[in-house]
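Listed below are the residues making up each chain.
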Amino acid sequence: MHVPPRIQRCLCLVMVCLGLLASAPARAVDALALRAALDHDPYTTAREATQRAAAARSRGDKPVLLESLTQVAMAYNLVGDSVSAQPSMVEAQHLAAELGDADAEALLAAVDGEIKSADNRLADAQRAFDAAQEALKRAGNKDTEAIVRSQYGWFLARSMQHPQEAALEFEAALSHFEKTGNRTREAELRYMSASLYDRLRDPKRGNAERTKALELINPAHQAYLAATIYFELGSVALSNENRGEADRALRRSIELSRSIGDKIGEAFAELTLADVLIDQGNAREAVETLRRAGPVLAAGQNTLAVAGVDVRLADALSMLRDPEAWAALARSKPVLMASNTIQNESTYWRAEARVNAAFGRFEQAYAAVQRQVRAQQRLFDSQQIQALTELSVRYETQRREAENTRLKLAEQLKDATIAAQQARQLALAGGLAAAVVALLSGVILLRRQVAQKQAFRSLALHDELTGAPNRRAVMQFAESVHARSAASLHGPVIALLDLDHFKHINDNYGHDVGDAVLRNFYKAAAAAIRPDDMLGRAGGEEWLLVMPLAQPGAEQAVFERMRNAVANMPSDGLPAGLSVSFSMGVARLRSGEALTHVLRRADLALYEAKQAGRDRMAIAD
């Protein structure tokens, strides 16, 4: 059959186009589109994305499969269901690597970081976010970068207690979305950054950011995001004892959650609303609200939230003189008291006092009130210590800025001096004396700048090698804790740590490897302690740990967490199979005991741990 030349040329062109399409790289996932679909109803989005993934898997459409699995992982992570998020995330990570989709890799690594953060695996979470940062460099997508930076900022603010660093991440992401006009993502960033203002004790600014966030979105189209913001508004209003505003915001959150079938979100808002109703004396509605929320939270296996329902139920039922209050109170006690959180302990004692008082057991009520007061005092001490730590961080930031300014001035002066010297070398002999005077003046000024820089460095609060608080900083912290110890129910704990066989590492593998071990040790160990505690480098391979609020017996749990974290830390430069360990000596401050004496007891306990074989903890007598 004869085919006209014109048709032949068209067919060739079509074949070339098909070849180019076949060889074109897989399209990157659209981070903004994936995230925007979650703002209204992440549960429905997750179900629909799961169905798309199944269809794409059956027809071998890998790009669509990757996009769908990424959205499933993001959706379940957003609602806090890490069990459902995990399988999709792992499958998508392998597929993203196969397709070379750096955007998907970054998004999935951030999901991985948030999941590990929720499990309190903070060192692993940090590594996941580091992987996300590496993927972002390859992706070069500003939208993806802003989304991941917002997630990393949330991790820094909530899990790592680093508000200044979190603020930098939020500001960068917010600036991008403001420039691109993405109102929904701007709203989310404003809602996130509001939590930082709460930490800085500026609730007015925090509420202003949340209110602005609500103005940027339409609850009819972004119901889940709006419900979350209303919940935060209600919780903050309740903490400020603005019960009318709290009531309105929480009921609006419940309404929006109910409209999209978000039973978990609805239950948590009802749990907080119950506090408002109890404070208002509306016990009957509080009981009804809690009995709706209880089964939902129990189905989600959130034992702490269920205990929260029970302790509030006991309070409300006692107001109605219902004997069932005793059973609810008994159910809540073991969970709240084992949570190792002062706020939960205080909540329990408050409820026990009210229940006892309601049934005429005034002596037991008075004893419970005394326990609540002591818990509140410890909570106040904890907040004071946290405030002191934040001030130290702010001071260190300002010191570094001042030092950097002086370094720049010193460099400028040095360059000017060199230029002046070169110019004067070409001058006549009659100008030599003036050149020498100028040079000497420059040297004197340079020395002054160096002296000022050294003076500021001497005031530094952090160790230059590891970034840990240095001996000066951690001793100042220990002294402030010691000064407040008289008001504490239990004395603070002081621990001395020493890396085992560190000299062997330096001698056999070099000081660069030893330095890497010190840096990795601090990063791993610091991630395993509580925000109230401080770990600082005392010198060499020796470390000082101060635990202001450690309950009796908590020392062993802290040691085991740190021990596991250090055993699994990166071993840069060390041979395979060689892990790092440490020994720890612990002493609890006794009433009226000098700080130097408790340090001495901790040192003796450390010696005992080393003599017993290392890689263990010993407690001082």
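Residues numbered from 1 in each chain as written. Predicted model: local features only at pLDDT ≥ 70, side-chain atom pairs only at ≥ 80, totals over all residues. Heavy atoms only, no water.

Caption draft 1: Representation of the packing of helix α5 (residues 82–99) against helix α6 (residues 102–118) in the model. Interaxial distance between α5 and α6 falls to 10 Å at its minimum, and their mutual angle equals 150 degrees. Between α5 and α6, the crossing angle belongs to the class labelled roughly antiparallel. Along this stretch, α5 crosses α6, giving a crossing that reads as left-handed. Contacts from S82, A85, Q86, M89, A92, Q93, A96 and A97 of α5 reach α6 at A104, E105, L108, A109, V111, D112 and I115. When its residues are assigned to classes, the contact of α5 with α6 shows ten nonpolar, three polar and two charged. (Axes fitted to C-alpha atoms, helices over the stretch in contact; angles between N-to-C directions. Helix = DSSP H or I, 4+ residues; strand = E, 2+ residues; numbered from the N terminus. Parallel < 35°, antiparallel > 145°, perpendicular 65-115°, else oblique. Left-handed = near helix turned anticlockwise from the far one by under 90°. Contact = heavy atoms within 4.5 Å. Nonpolar A, V, L, I, M, F, W, Y, C, P; charged D, E, K, R; others polar.)

Caption draft 2: Seen up close, the nonpolar core. Ranked by size, the top nonpolar core spans 73 residues in total, and within it L107 and F155 carry the most contacts. Not counting residues up to four positions away in its chain, the partners in contact with F155 are S117, L122, A125, Q126, F129 and M160. (Core = buried A, V, L, I, M, F, W, Y, C linked by side-chain atoms within 4.5 Å. Buried < 20%, exposed > 50% of the residue type's maximum accessible area, 1.4 Å probe, protein only.)

Caption draft 3: Molecular detail of the confidence of the model for the protein. With 81% of its residues at a pLDDT of at least 70, the protein reaches an overall mean of 83. Of all secondary-structure elements in the protein, the lowest mean pLDDT belongs to helix α20 (residues 432–458), at 45, while helix α13 (residues 243–259) reaches the highest, 95. Every residue in residues 16–26 scores below 50 in pLDDT, and together they form one contact with partners more than four places removed in sequence or on other chains. Here residues 450–459 is modelled with pLDDT under 50, and outside its nearest four sequence neighbours on either side it reaches twelve contacts, counting other chains as well. (pLDDT = per-residue confidence, 0-100.)

Caption draft 4: Up close: the sheet that holds strand β4 (residues 582–588). Strands sit in the order β2-β3-β1-β4-β5 across an open sheet of five strands; the sheet is mixed. Two strands lie at the open edges of the sheet, namely β2 (534–539) and β5 (617–619), each paired on one side alone. Each strand axis lies, on average, 20 degrees off the axis of its neighbour in the sheet, ignoring direction. When β4 meets β5, the two strands line up parallel, connected through three bridges. In the sheet register, V586 faces β5, and the bridge partner there is I619. Each of β1 (493–499), β3 (542–547), β4 and β5 is contacted by helix α25 (residues 595–611), which is oriented at about 145 degrees to β4, the strand it contacts most. (Pairing = 2+ DSSP bridges.)

Caption draft 5: Quick peek at the packing of aromatic side chains. Per the counting criterion, the structure on display carries ten aromatic pairs. Ring geometry for Y152 against F155: centres 6.1 Å apart, planes inclined by 25 degrees, an arrangement best described as stacked. Here Y152 pairs with F155, and both are found in helix α8 (residues 142–158), just three residues apart, close to one helical turn. Grouping residues by exposure puts Y152 and F155 together as buried. (Phe/Tyr/Trp six-rings, centres within 6.5 Å; stacked < 30°, edge-to-face > 60°.)

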